[in-house]
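Structure assessment
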Amino acid sequence: MVINANFGVGESVVSGEAEPDTFRVTYTSDQGRSDIFSIEERVCGSKQVQYVVSESGTVGKQSVSGSSVFCADDETVLALCQIGLELERRFGHPCDIEWAMCQGQIYLLQSRPITTLTQETEYELLHEFDSALAMDQELLSTMNIGEAFPGALCPLTISVVVKQIEDSMVNWSVANGLNVVPNLFRLHKVYCNHAFLNVHAYELSNKYRSSLADRRMMELALAGHVIDSMTDEVIRAYHPARPLLTRLYCSWRFFSMILGKREKCLVHEQALDKLTVPLTTSCAELLEYVNHTVDISSQVVKDYMPATAISPVYSQVLMGILTKGKHVWEAKHYTDLASLLACHINEVFSAGVPNKLEELSRLIHSHPAFAAHFLEISIESGDSFLNSKKTPAGVREAYQLFMEKFGHRGLCELDLLKKCWSQDPSQLIETLQMMVKSIATGHNVDARCYSVQEVVDGLQCDLTKGQKLFIKFILPKAKKAVNSREEVKSILVKAASKMKLGFWRLSELMYNQGYLPSPELLFFLTVTEIKDVLSNRNGSLVNRAKRRRKIYEKQNSMQFPRFNHGYPEAVDTQQDLKSLEVETELKGMPVSVGEVTGTARVVKNLSEAHTIQKNDILIVYFTDVGWAPYFPMISGVVTEQGGLVSHGAVVAREYGIPCVVSCHNATQVFQSGDTICLNGSTGVVRRLKRDNDL
């Protein structure tokens, strides 16, 4: 420790005008029982200037001839050391302390952390949560996971949700016979707080889960296209192949483990519904509740993965029939598969959000005076307005039922930092107001529902009568599997929303009790760090959370290529814009058939969604349930991300509107106002006219 001292008021020391006395002290701890201090050096300063306080209360500077007398004795120095050590232990970091002594009493005037001793650099904070690579050419991708986790993630989400998903996937792969070290084998990687799929690990896990699995079907489901560079030879180089009998056994294990998982998730949902954030002022009690919620969520994630695995199996069976077992897959096979998945058998669970919102908007519109008032209110007061007694009973009940069933949904549903609709209804209110304004929600395409027979009769592939009969038999099961997947995903999101409610309540309580300078900072701590802050009021962790929060904006602005060999490199989205502007046609994967010509509406984030007009063709990077309310208004969808069973594909099929996914650079090539033709059967998106063309 270093102690500086001078006679008079401390301005002479702080300003550097005087040379103060300096004491250098070392200390050792006697196994935590006592602290032993030793004054190693005493330097008597000249002390030629000092500040004194006059009787009137003003501070004046005096010049003195200097002094060879120390202004603090050893007893005072050691007392100051003891105080400094206590403050360091309480705050969790070394402190720069301003002090004074009057009539033998020590007073603390100010204390601030010394942040320059062990402060992390910006580079270290940017890469603090980065995952290690197993090899330099490990293929990382934003496919699929970019829809669940768009943008950068806060440290709390990484330490809870990403860890839950990763642990579940690794443990399930190991249980299915994959011989790897769990702590080294990771299916998900983090880089600059962005989440990536480890394509090598996913391909390997898929290959070992079932010897019958065709890796191309998994790639279609996740990426929207076949990954040509990911061959069997590449996968074997990542992990040696295993004997056929072992892989057959793994296939049996795979199918046996997925049975009954949906029912287990429904049981978990009942446990989630019983959870209520306790009305307590004790941070310790609330943290205990949050930990219990995290435990239940972990069980949901554990059963969610196998519960959703059956859906791509049925898709592979259908594709096998359409291709007659041939290795080459043609455009007509993709189109027919999309047609089969779009046939009407039962409503897919995820389509319930836009359907119920459309019903609610029509109900509001049926009361003209009330609807006019609803459109005039602010989005912040919309929730209380719809719940007020002045609201028509039918409208109020419909809104409350919607929030009861879907209030746990929202934008970036698995990110703990982003609030769900029940926490922040303003975004939902804004969407509802827009839907009421454009209540005539007809489409430019034929949105009628086609039966199984009609779809089978319209297939392009030349099939035998027996093959068609088998398709009719398997198709209801495939559709049921898709619906089950969306239903279980809703339970997963509900688990995340329960954690959000608990963590946000804890953040407010810690803010009110002085643990945090702002509630949001809790989400820039890990779970372990939250416990440390509560136990020790660790100020250094709070300071680190502040710096993480600041660097988060930079991380969130980063964009990465869909596929990255080794550590990803952020791209400049404007770099190739001029070369892309000359493009008039792009091709992606058709996932919902039909053809439509209309006005393009390029929306790069949900905050711009209010620009969507009736019958626009929506062009976005990806969609999640936050975009669902806009599906009744649009006539087609184009996404850069997505696969066969991504959110946009599933809901578009339910609404009977054309949809093309995995259409790279669509948000840059096309502009809002362009006239485009979207062909959901061939996957081609073509610009016919630019908005500023003469």
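Everything quoted here is computed from the prediction, not taken from an experiment.

With respect to the nonpolar core
Residues Leu156, Phe503, Met510, Phe523 and Ile530 are the most contacted members of the largest nonpolar core, which totals 80 residues. Excluding anything up to four places from it in sequence, Leu156 contacts Val161, Leu416, Phe503, Leu522, Phe523, Leu525, Thr526, Val527 and Ile530.

Focus on the pairing of strand β14 (residues 595-602)
In this sheet, strand β18 (residues 675-679) lies alongside β14 in antiparallel orientation, the contact comprising five bridges. When the sheet's bridge partners are listed, Thr599 is paired in β18 with Thr675. Note that β14 and strand β15 (residues 617-620) share three bridges and pair parallel. Each bridged residue has a counterpart across the sheet, and for Arg601 the counterpart in β15 is Leu618.

Points about the packing of helix α11 (residues 283-307) against helix α21 (residues 527-536)
Between α11 and α21, the shortest axis-to-axis distance is 11 Å and the interhelical angle comes to 165 degrees. In terms of axis orientation, α11 runs roughly antiparallel to α21. Relative to α21, α11 is oriented so that their crossing is left-handed. Mapping the contact onto sequence places Cys283, Leu287 and Asn291 in α11 and Val527, Ile530, Lys531 and Leu534 in α21. Of the residues in the contact of α11 with α21, the class split is five nonpolar, one polar and one charged.

Here we look at helix α15 (residues 368-376)
When we look at burial in α15, the residues that qualify are Phe370, Ala371 and Phe374. Along the axis of α15, the buried residues cluster in a sector spanning 100 degrees; they form a single face. Residues Pro368, Ala369 and Glu376 are exposed on α15 and point more than 90 degrees away from its buried face. Those residues of α15 that are buried are in contact with α14 (352-365), α16 (382-387), α17 (393-406) and α18 (426-437).

The rules we used
- Residues take numbers from 1 onward in each chain, read along the sequence in its written order.
- It should be noted that, the model being predicted, local features are given only for residues of pLDDT at least 70 and side-chain atom pairs only at 80 or more, the latter also being counted only at that level, while totals for whole chains, interfaces and linings use all residues.
- As a rule here, side-chain values come from all non-hydrogen atoms in the structure, and water together with hydrogens is ignored.
- In plain words, nonpolar cores are sets of buried Ala, Val, Leu, Ile, Met, Phe, Trp, Tyr and Cys residues tied together by side-chain atoms within 4.5 Å.
- For each residue, the accessible area found with a 1.4 Å probe, counting protein chains only, is set against the maximum for its type, and the residue is called buried under 20%, exposed over 50%, and partly exposed in between.
- Note on contacts: a residue pair is in contact if any heavy atoms of the two residues lie within 4.5 Å.
- Strand pairing is defined by DSSP finding a minimum of two bridges between the two strands.
- Helix and strand definitions here come from DSSP, where helices need a minimum of 4 consecutive H or I residues and strands a minimum of 2 consecutive E residues; each element is numbered from the N-terminal end.
- Only the contacting stretch of a helix is used when fitting its axis, a line to C-alpha atoms as for every element, and angles between N-to-C directions run 0 to 180 degrees.
- In these notes the angle categories are as follows: under 35 degrees is roughly parallel, over 145 is roughly antiparallel, 65 to 115 is roughly perpendicular, and the rest is oblique.
- In this scheme the crossing of two helices becomes right-handed for a clockwise turn of the near helix relative to the far one and left-handed for an anticlockwise turn of less than a right angle.
- When residue character is reported, Ala, Val, Leu, Ile, Met, Phe, Trp, Tyr, Cys and Pro are called nonpolar, Asp, Glu, Lys and Arg charged, and the others, Gly included, polar.
- Directions from the helix axis toward the C-beta atoms define the arc.

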